[in-house]
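Listed below, chain by chain, are the residues.
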Amino acid sequence: MLQRHLRAACAAAAAAGALLVAGLSGTASAQSSASPAQPTAAQTLRTDAAPPTLLGALQRDLGLDRGQAERRLANEAEAGATAGRLGAALGTDFAGAWVRGAESDTLAVATTDPADVPAIRAHGARAVVVEHSLAALDAAKARVDRAAAHRATTDAPVWYVDVPTNTLVVEAIRPEAARSLLAAAHVDASLTRIVKSAEQPRPLYDLRGGDAYYIGSGSRCSIGFPVTRGTQQGFATAGHCGRAGSTTTGSNRVAQGTFQASVFPGNDMAWVATNSNWTATPYVTGSSVQVAGSTQAPVGSSVCRSGSTTGWHCGTVQQLNTSVTYQEGTVSGVTRTSVCAEPGDSGGSFISGSQAQGVTSGGSGNCSSGGTTYFQPINPILQSYGLTLKTTGSGPEDPEDPGEPGGTWAAGTVYQAGDTVTYGGTSYRCLQGHQAQAGWEPPNAPALWQRQ
């Protein structure tokens, strides 16, 4: 059933114009005139700071012109904020959200209750009524994850919740292997869809040497995102690139650092602490891309990857919270994308606009014929190891006076959608997963926080 606070949020959205998309620019004007102190999601996430390198890759890989690429990034930021508000308001009815169109100008929001449709439409989104909630599908996937821990899954190597089709999809070389896995997990067949696929994902590292950084005597991976831990500087990367204690050298073969922690399989995360010769910067390695934060992009959003083998390539986010089986074992919680990658790109950065998304894990195919690539989301890495993403510190230029400071909100903390905090004596609910930073205090970032 539609919760009462959705009706209030709906009225506020109608007045403020929550969704900025091509064809709905009138709502953007309404927001400007109604509440000039409130930054839009695009302003908060600094989509206007996307550099020519990233925009050029978007144009090449998604068939866009520069204006379309810029509008797509702005629309995706606004769509993520709107989806977060609706997800919080719909509660157990919520069945996921995704963007569509060359400029991501259509946001679709799914619900299990037809009574929610008018309110979803009032937010400027397309309403889709489905049978299964996102919570039910996520729970089914969790059962498959647990079953996979006790059996070989190389013939059914990929499974994920596909929100546009409202199913738990298992991709399998042999469909019988998928049916066996689902039976072992005791998952209702009505929730699932089996897709025959020849995909055989593998981690994207090699032993040939090249750019980026080297581990031990010669294996090569790519730097993900520069980070700090107190005064210690370093970078996040993929766990399969090295184990705790492994030493690294830079692309110039100068001593660089040491792996402090590493997990693979299960997850694919690690971080390297560097020596005093190396300085963390808010840039993606080898480019002018500046990182402004780590807000998670919704399904359908554009995403770009930088790696030491193939450079910049772009595609779209296909599914969140995917599980994939490599020869070394199953990795869960990764994001599936249509971006290509090749050996040596592992550990490299995935970014959407100016927002860090994750580090390259593995995939199939290549950048000549195309392929599928998975990334380990960055926020769990930051949270697990107590790291702070190095950013440009781009908060709103004229933030709203937040009132008396204090409360449970804290810069450097990784928040997930649905988390609640207090700030200045007021309660707020997180709309989109991100690492908090100065300038993104709840009163100053309505794209990330909703006042309760």
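This text goes with the structure placed above it.
Within any chain, residue numbers begin from 1 and follow the written order of that chain's sequence. Whole-chain, interface and lining totals are the exception, using all residues; otherwise, since this is a predicted model, local features are given only for residues with pLDDT of at least 70 and side-chain atom pairs are given and counted only at 80 or more. In computing side-chain properties, one takes all heavy atoms of the structure into account and sets aside hydrogens as well as water.

> For unusual backbone geometry, give the residues involved together with the corresponding values.
For the peptide bond that leads from Phe264 to Pro265, omega is -5°, which places it in the cis range. Here Pro265 is to be found in the loop between β13 (255-263) and β14 (269-274). Residue Arg253 is not a glycine yet carries a positive backbone phi of 65°. With respect to the secondary-structure elements, Arg253 resides in the loop between β12 (247-249) and β13. Positive phi, close to 45°, is recorded for Asn321, a residue that is not glycine. Labels follow the DSSP assignment, with helices taken as runs of H or I lasting at least four residues and strands as runs of E lasting at least two, numbered in each case from the N terminus. Note that Asn321 resides in strand β16 (residues 311-326). For each residue, the accessible area found with a 1.4 Å probe, counting protein chains only, is set against the maximum for its type, and the residue is called buried under 20%, exposed over 50%, and partly exposed in between. Judged by relative accessible area, which is 33%, Asn321 ranks as partly exposed.

> How would you summarise the sheet that holds strand β23 (residues 420-423) if you had to cite specific residues and measurements?
Within a sheet, each strand pairs with its neighbour through backbone hydrogen bonds, oriented either parallel or antiparallel. We call two strands paired when DSSP finds no fewer than two bridges between them. With respect to topology, three strands assemble into an open sheet ordered β23-β24-β26, the strand pairing being antiparallel. At either end of the open sheet lies a strand with only one pairing partner, and these are β23 and β26 (449-451). Neighbour-to-neighbour, the strand axes of this sheet turn through a mean angle of 35°, independent of strand direction. With four bridges connecting them, β23 and strand β24 (residues 426-430) associate as antiparallel partners. Looking across to β24, one finds that Thr420 is bridged to Arg429. Think of each axis as a best-fit line through the C-alpha atoms, taken over the contacting stretch in the case of a helix, with angles from 0 to 180 degrees between the N-to-C directions.

> A description of the packing of aromatic side chains should follow, citing residues and the corresponding values.
Here a pair means two rings of Phe, Tyr or Trp (six-membered ring of Trp) with centres within 6.5 Å. Their orientation is stacked below 30 degrees between planes, edge-to-face above 60, and tilted elsewhere. A complete count under the given rule lists six aromatic pairs for this structure. Between Tyr415 and Trp449, the ring centres sit 5.1 Å apart and the planes meet at 75°, which makes this aromatic pair edge-to-face. With Tyr415 in strand β22 (residues 414-415) and Trp449 in strand β26, this residue pair connects regions lying 34 residues apart in the sequence. Taken together through their ring pairs, the aromatic side chains of Tyr213, Phe235 and Phe259 make up a single cluster. Directly above the aromatic system of Tyr214 lies the positively charged group of Arg253, at a separation of 3.6 Å from the ring centroid. Should the NZ of a Lys or the CZ of an Arg lie within 6 Å of a ring centre and within 35 degrees of the ring normal, that charge is described as sitting over the ring.

> How would you explain the packing of helix α4 (residues 52-62) against helix α5 (residues 66-90) if you had to name every residue and give the values?
Where α4 contacts α5, the two axes come as close as 9 Å, and the packing angle between them is 105°. Taken together, α4 and α5 sit at an angle that is classed as roughly perpendicular. Together, Pro52, Leu54, Leu55, Leu58, Gln59 and Leu62 of α4 and Arg66, Ala69, Glu70, Arg72 and Leu73 of α5 make up the contact between the two elements. Under this grouping Gly is polar, as are all residues other than the nonpolar Ala, Val, Leu, Ile, Met, Phe, Trp, Tyr, Cys and Pro and the charged Asp, Glu, Lys and Arg. In the contact of α4 with α5, the residues fall into seven nonpolar, one polar and three charged. Should an angle fall under 35 degrees it is taken as roughly parallel, and over 145 as roughly antiparallel, whereas 65 to 115 is taken as roughly perpendicular and any remaining angle as oblique. We call two residues in contact whenever any of their non-hydrogen atoms come within 4.5 Å of each other.

> Requested: an account of the environment of Ala127, with residues and values cited.
With respect to the helices, strands and loops of the structure, Ala127 is situated in strand β3 (residues 126-129). The exposure class assigned to Ala127 is buried, which follows from its relative accessible area of 18%. Considering only alpha carbons, one finds Ala127 and Ala108, 19 residues apart in sequence, at a separation of 6.0 Å. In contact with Ala127, other than residues within four places in its own chain, are Val109, Val117, Ile120 and Arg121.

> Go over helix α9 (residues 378-385), please, and point to the residues and values.
Every buried residue of α9 is accounted for by Ile378, Asn379, Ile381, Leu382 and Tyr385. All buried residues of α9 lie within an arc of 160° about the axis, which places them on one face of the element. Phi turns positive one or two residues past the end of α9, at Gly386, with a value near 65°. This arc is taken over the directions from the axis of the helix to the C-beta atoms.

> Now, about empty space enclosed by the protein: what can you tell me, with residues and values included?
Cavity: a set of points on a 1 Å grid over the protein atoms alone where a 1.4 Å probe fits but cannot get out. Pocket: an open set with protein on both sides within 12 Å along at least five of seven lines, its lining residues, like those of a cavity, having an atom within 4 Å of a point. Grid points are joined across faces, edges and corners, and a volume is the space filled by probe spheres set on the points. Enumeration according to the criterion identifies one cavity of 30 Å³ or more in this entry. Of the volumes computed, that of the largest cavity is approximately 140 Å³. Lining the largest cavity are 17 residues; nearest its centre among them are Leu45, Glu76, Ala77, Ser352 and Gln355. Contributions of two or more residues to the lining of the largest cavity are made by α5 and β19 (355-366). For the lining of the largest cavity, the element with the highest residue contribution is α5, accounting for four residues.

> A description of the environment of Gln319 should follow, citing residues and the corresponding values.
When you line up the elements, Gln319 lands in strand β16. Distance from Gln319 to Val299, taken between C-alpha atoms, is 6.0 Å for residues 20 residues apart in sequence. Aside from chain neighbours lying at most four places away, what touches Gln319 is Tyr160, Val161, Asp162, Val299, Val334, Thr335 and Arg336. In protein, a polar contact requires one atom able to donate a hydrogen and another able to accept it; more generally it is a pair of N or O atoms within 3.5 Å, and residues adjacent in sequence count only if both atoms are side-chain atoms. Reaching out from Gln319, the side chain makes a polar contact with the side chain of Asp162 at a distance of 2.9 Å.

> Give me the lowdown on the sheet that holds strand β1 (residues 94-100), citing residues and values where you can.
A sheet is described by the order of its strands in space; here three strands give the open sequence β1-β2-β3, paired in mixed fashion. A strand with exactly one partner marks an edge of an open sheet, and here the two such strands are β1 and β3. Taken over all neighbouring pairs, the strand axes of this sheet differ in orientation by 20° on average, direction set aside. Bridge count between β1 and strand β2 (residues 106-111): five bridges; the pairing is antiparallel. Among the inter-strand pairings, Phe94 is bridged to a residue of β2, identified as Thr111. Sheet strands in contact with α5 are β1 and β2, and its direction is about 15° off that of β2.

> Can you break down the nonpolar core residue by residue, with the values?
What we call a nonpolar core is a set of buried Ala, Val, Leu, Ile, Met, Phe, Trp, Tyr and Cys residues that are connected through their side-chain atoms within 4.5 Å. Ranked by size, the top nonpolar core spans 40 residues in total, and within it Trp98, Leu107, Val109, Ile120, Val144, Leu168 and Val187 carry the most contacts. Those residues in contact with Val187 that lie beyond four places of it in its chain are Ala140, Arg143, Val144, Leu168, Leu182 and Thr192. In terms of nonpolar packing, the next biggest core, distinct from the first, is built from 30 residues, Ala57, Ile351, Ala356 and Val414 among them.

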